[in-house]
Amino acid sequence: MTHTPDPKSPQNGWTARAGLTGLPRELRAGLDALPVMHLPKGKTLFRPGDAATGFSVVLSGRIEVFLTGPTGREILLYGVEPGESCVQTTLGLMGGEDYTGEAITASDCDLVMIPRSLFLNLMDRAAPFRSFVFRAFAARMQGMMQLLERVAFQRVESRLAAVLLELAQNDEVHATQADLAARIGTAREVISRRLDSFARRGWVETDRGRVRLTNPAALRRLAETDAAD
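Residues numbered from 1 in each chain as written. Predicted model: local features only at pLDDT ≥ 70, side-chain atom pairs only at ≥ 80, totals over all residues. Heavy atoms only, no water.

In the annotation of an unreviewed UniProt entry, the entry for the chain reads Transcriptional regulator, Crp/Fnr family, and the organism field reads Rhodobacter ferrooxidans.

This is how it looks when you write it as structure tokens:
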């Protein structure tokens, strides 16, 4: 997929913004010459079956990567923010595997795409670049292991309480039940039942695409107690 560079985006010195330091001057200059692209919210970066063509470095914004099951149910695998990496892209570039998930910009994003050939060359030649990639890869793998632990061992109620608290702004969450289900790895119908239960206890009030937290302290106790068990 081809993206048009944003002519208003800063195109000098993005490696410093990304924390990519210690490179020889000529390699750093080559990277800084790559265009910074501006992508709007809702842009699809890749879909299942696509091949990885480059390594994205996110400078601002957030990209979310989803996995869709045979029934059409989605789960949010991870988000990619500045300083983080997409594990599927790293595996695709280094191992030749096609994407199995779908990546969508969750907000307006600035990013740089390092072409596959340049990425592999830098992995061979530049130890600081390898460290940059592997540090981000290790952090991403740790996050995915934490997701697996939550899905396997935490109750749905606890995971839902935690994500409501995480997403709340001024005690309001603007997200559909399908969005919440994807974030905690369950079905929309399960979210509906749990939200109804929370509402009966006086913890939340629900409307179409909106949840108002009326008792955040109770939700926090539920999330923290279950996480500690």
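## Regarding the overall build of the chain
Stated precisely, the cut-off is as follows: Secondary structure elements are defined from DSSP: runs of H or I of at least 4 residues count as helices, runs of E of at least 2 residues count as strands, and each element is numbered from the N terminus. Partly exposed residues are those whose accessible area sits between 20% and 50% of the maximum for their type, while under 20% is buried and over 50% is exposed, using a 1.4 Å probe and protein chains only. The contact criterion used throughout is that any non-hydrogen atoms of two residues lie within 4.5 Å. Per-residue accessibility takes into account occlusion by the displayed protein chains alone, with areas from the Shrake-Rupley method and a 1.4 Å probe.
In terms of regular secondary structure, the chain is built from nine helices and 10 strands. With respect to the three principal axes, the spread of C-alpha positions in the chain is 65 × 35 × 30 Å. With 229 residues in all, the chain has 41% of them scored as buried. Taking the intrachain contacts of the chain between residues at least 6 apart in sequence as the baseline, contacts between residues at least 24 apart amount to 69%. Roughly 12,300 Å² of accessible area belongs to the chain as shown, and the carbon and sulfur atoms make up 50% of that amount.

## What about the domain arrangement of the chain?
Under the convention used in this document: Each domain's extent was defined by an automatic or database domain assignment. Note on definitions: buried area is the accessible-area loss of two parts on being combined, 1.4 Å probe, summed for both. One side-chain nitrogen of Lys or Arg within 4 Å of one carboxyl oxygen of Asp or Glu is enough to make a salt bridge. Polar contacts, as used here, are pairs of N or O atoms within 3.5 Å; protein pairs need one atom able to donate a hydrogen and one able to accept it. Residues neighboring in sequence count only if both atoms are side-chain atoms.
Parsing the chain into structural domains produces domain 1 (14-125) and domain 2 (153-225). For domain 1 versus domain 2, the separation of C-alpha centres amounts to 30 Å. With seven residues of domain 1 at the contact, the number on the domain 2 side is six residues. Summed over both partners, the interface of domain 1 with domain 2 buries about 470 Å², with 52% contributed by carbon and sulfur atoms. Run the count over domain 1 and domain 2 and you get one salt bridge. R183 is the partner of E64 in a salt bridge, and the nearest nitrogen-oxygen pair spans 2.7 Å. At the boundary of domain 1 with domain 2, the tally comes to two residue pairs in polar contact (both at pLDDT 80 or more).

## Some remarks on the sheet that holds strand β9 (residues 204-207)
Rules: Pairing between two strands is assigned when DSSP locates at least 2 bridges connecting them.
The strand order β8-β10-β9 describes an open sheet built from three strands, whose pairing is antiparallel. Because the sheet does not close on itself, it has two edges, and the strands there are β8 (172-173) and β9. With four bridges joining them, β9 and strand β10 (residues 210-213) adopt antiparallel strand pairing. Residue pairing across strands places E205 opposite R212, the latter belonging to β10.

## Let's talk about unusual backbone geometry
One non-glycine residue, N170, lies in positive phi territory at about 55°. Along the chain, N170 falls in the loop between α6 (156-167) and β8. With a relative accessible area of 78%, N170 lands in the exposed category. One non-glycine residue, D171, adopts positive backbone phi at about 65°. Along the polypeptide, D171 turns up in the loop between α6 and β8. When its relative accessible area of 38% is taken as the criterion, D171 is described as partly exposed.

## Brief notes about the environment of L31
Structurally, L31 is set in helix α2 (residues 25-32). The exposure class of L31 is buried, given its relative accessible area of 1%.

## Quick notes on the sheet that holds strand β3 (residues 54-60)
The condition that has to hold: A fitted line through C-alpha atoms serves as each axis, taken over the contacting stretch for helices, and the angle formed by two N-to-C directions is quoted from 0 to 180°.
The strand order across the open sheet formed by three strands is β1-β7-β3, and the pairing between neighbours is antiparallel. Across the chains shown, the open sheet's two edge strands, defined by having one partner strand only, are β1 (36-39) and β3. Across this sheet, the average inter-strand angle for adjacent strands is 35°, counted without regard to direction. One ladder, built from four bridges, connects β1 with strand β7 (residues 109-115); its direction is antiparallel. The partner of L39 across the bridge, within β7, is C109. Those strands touched by helix α4 (residues 116-125) are β3 and β7, and its axis lies near 75° from that of β7.

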